[in-house]
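If you want the building blocks of each chain, they are given just below.
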Amino acid sequence: VKHLAVIMDGNRRYGKGLKAQDASTLADALATDVGNSLEKEGYLVGLHRTAMQTVSCLRGTDKSTVAIAKQLLGHKAGGEKLIEFISCCIEWNIPIISVYAFSTENWNRPKAEVDLLMALFSLYFDRLMSVASEQGIYVRFVMSDETNFPAAILAKMRKVERDTRAIEKRNIIVNVCLGYGSQQELLTACTRAAANSPPGSPITEASLRKHLLVSMCQSDEEAGPRDAATVEQIQHSDPDILLRTSGEQRLSNFLLFQCAYSELFFLPKAWPEVTPDDVRNMLHEYTCCLLYTSPSPRDS
């Protein structure tokens, strides 16, 4: 497998299943971490007021507070699961993974919840950076629309991408899709491909691919031969497998063009519950399918 795509679904569902006592204890530490992150990143002034009220309430014990705490803990567990998953993919020699972390539709959630998710993202980026250098992880942030992200979060994402791009030994490329929607990505790609083509000439697949899975700092990538080769590799290595967790069986506007010939696997577990054996079994099944089926048009 050269490229594995994942829709990391079920974080909130997993959080709702936590025992109230455990959630209350964990939420106390989470409230401290999130509050510190909000102040540290300097966008506390622009944060929705009820988000900070929610942070304060995480230490409470009433039912509504525990429910909010559980959801946030589910998202935090999902972030930790991704770091574990990346390590497993390195062990299994998978060079590229693309993960659906936050869709364009997620902006429609309550403002307070979105603001808290932004704070959790900030914490997660710090956590990811702490392991990226040691494990050779190159992180790329792919967005079809970045306008709604707080400036401090965008700045941190650019720093993570640039710092991990400079890691000498790369073991894996991780495309983190945030504020991403495949339909919007395709519309933008077509517009850019048309603008960069001679008047009246058709848009080719090659010209379209140049504008897909574009990262925040891709212009920097393309400046050097090593990184230009990385971009070329990403643009022409469509996912062999698309995995979706939580039991839902739909693509949800993720990599619609790139997954035209991907094998689809749906796992009836929330993302934080996924184990290395689950993924190992999926990879084994995929390998068996290759042995007993004809190659896809992409491979022929």
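Definitions and limits used
- Residues numbered from 1 in each chain as written.
- Predicted model: local features only at pLDDT ≥ 70, side-chain atom pairs only at ≥ 80, totals over all residues.
- Heavy atoms only, no water.
- Core = buried A, V, L, I, M, F, W, Y, C linked by side-chain atoms within 4.5 Å.
- Buried < 20%, exposed > 50% of the residue type's maximum accessible area, 1.4 Å probe, protein only.
- Helix = DSSP H or I, 4+ residues; strand = E, 2+ residues; numbered from the N terminus.
- Contact = heavy atoms within 4.5 Å.
- Pairing = 2+ DSSP bridges.
- Salt bridge = Lys/Arg side-chain N within 4 Å of Asp/Glu carboxyl O.
- 1 Å grid on protein atoms, 1.4 Å probe; cavity = no way out; pocket = protein on both sides within 12 Å on 5 of 7 lines; lining within 4 Å.
- Points joined across faces, edges and corners; volume = space filled by probe spheres on them.

1. Regarding the nonpolar core
Membership of the largest hydrophobic core comes to 54 residues, with the highest contact counts inside it found for I97, F149, M157 and L178. Top element by residues in this core is helix α5 (residues 111-135). It accounts for eleven residues. Setting aside residues no more than four positions away along its own chain, I97 makes contact with H3, L4, F85, I86, C89, I172, I173, V174 and N175. Core analysis: the second largest hydrophobic core is formed by 15 residues, A5, I96, Y100 and I173 among them.

2. Here we look at the pairing of strand β5 (residues 241-245)
The side chains of a regular strand alternate between the sheet's two faces. Counting buried residues along β5, five of its five residues qualify, which places the element largely inside the surrounding structure. Across the two faces of β5 the burial is the same, with I241, L243 and T245 and L242 and R244 all buried. Here four bridges tie strand β1 (residues 3-7) to β5, and the two strands are oriented parallel to one another. Across the sheet, the residue bridging to L4 is I241, located in β5. Strand direction decides the pairing type here: β5 and strand β6 (residues 263-267), joined by five bridges, are parallel. Its bridge partner lying in β6, L242 is registered against L264.

3. Things to note about the pattern of salt bridges
Under the defined criterion, the tally for this structure stands at twelve salt bridges. The partner of D9 in a salt bridge is R244, and the shortest N-O contact between them spans 2.9 Å. Taken together, the residues span a long stretch of sequence, with D9 in the loop between β1 and α1 (11-16) and R244 in strand β5 at a distance of 235 residues. For R244, a relative accessible area of 5% puts it in the buried group. Note that R250 and E248 form a salt bridge whose closest N and O atoms lie 2.8 Å from each other. For R250, a relative accessible area of 48% translates into the label partly exposed.

4. Re the layout of surface pockets
Of the volumes computed, that of the largest pocket is approximately 930 Å³. Surrounding the largest pocket, 38 residues form its lining, M8, N11, H75, Y100 and A101 being those nearest its centre. Breaking the lining of the largest pocket down by element, the ones donating at least two residues are α1, α2 (20-41), α4 (63-91), β2 (96-103), α5 and β4 (172-180). Per-element accounting of the lining of the largest pocket gives the leading share, seven residues, to α5.

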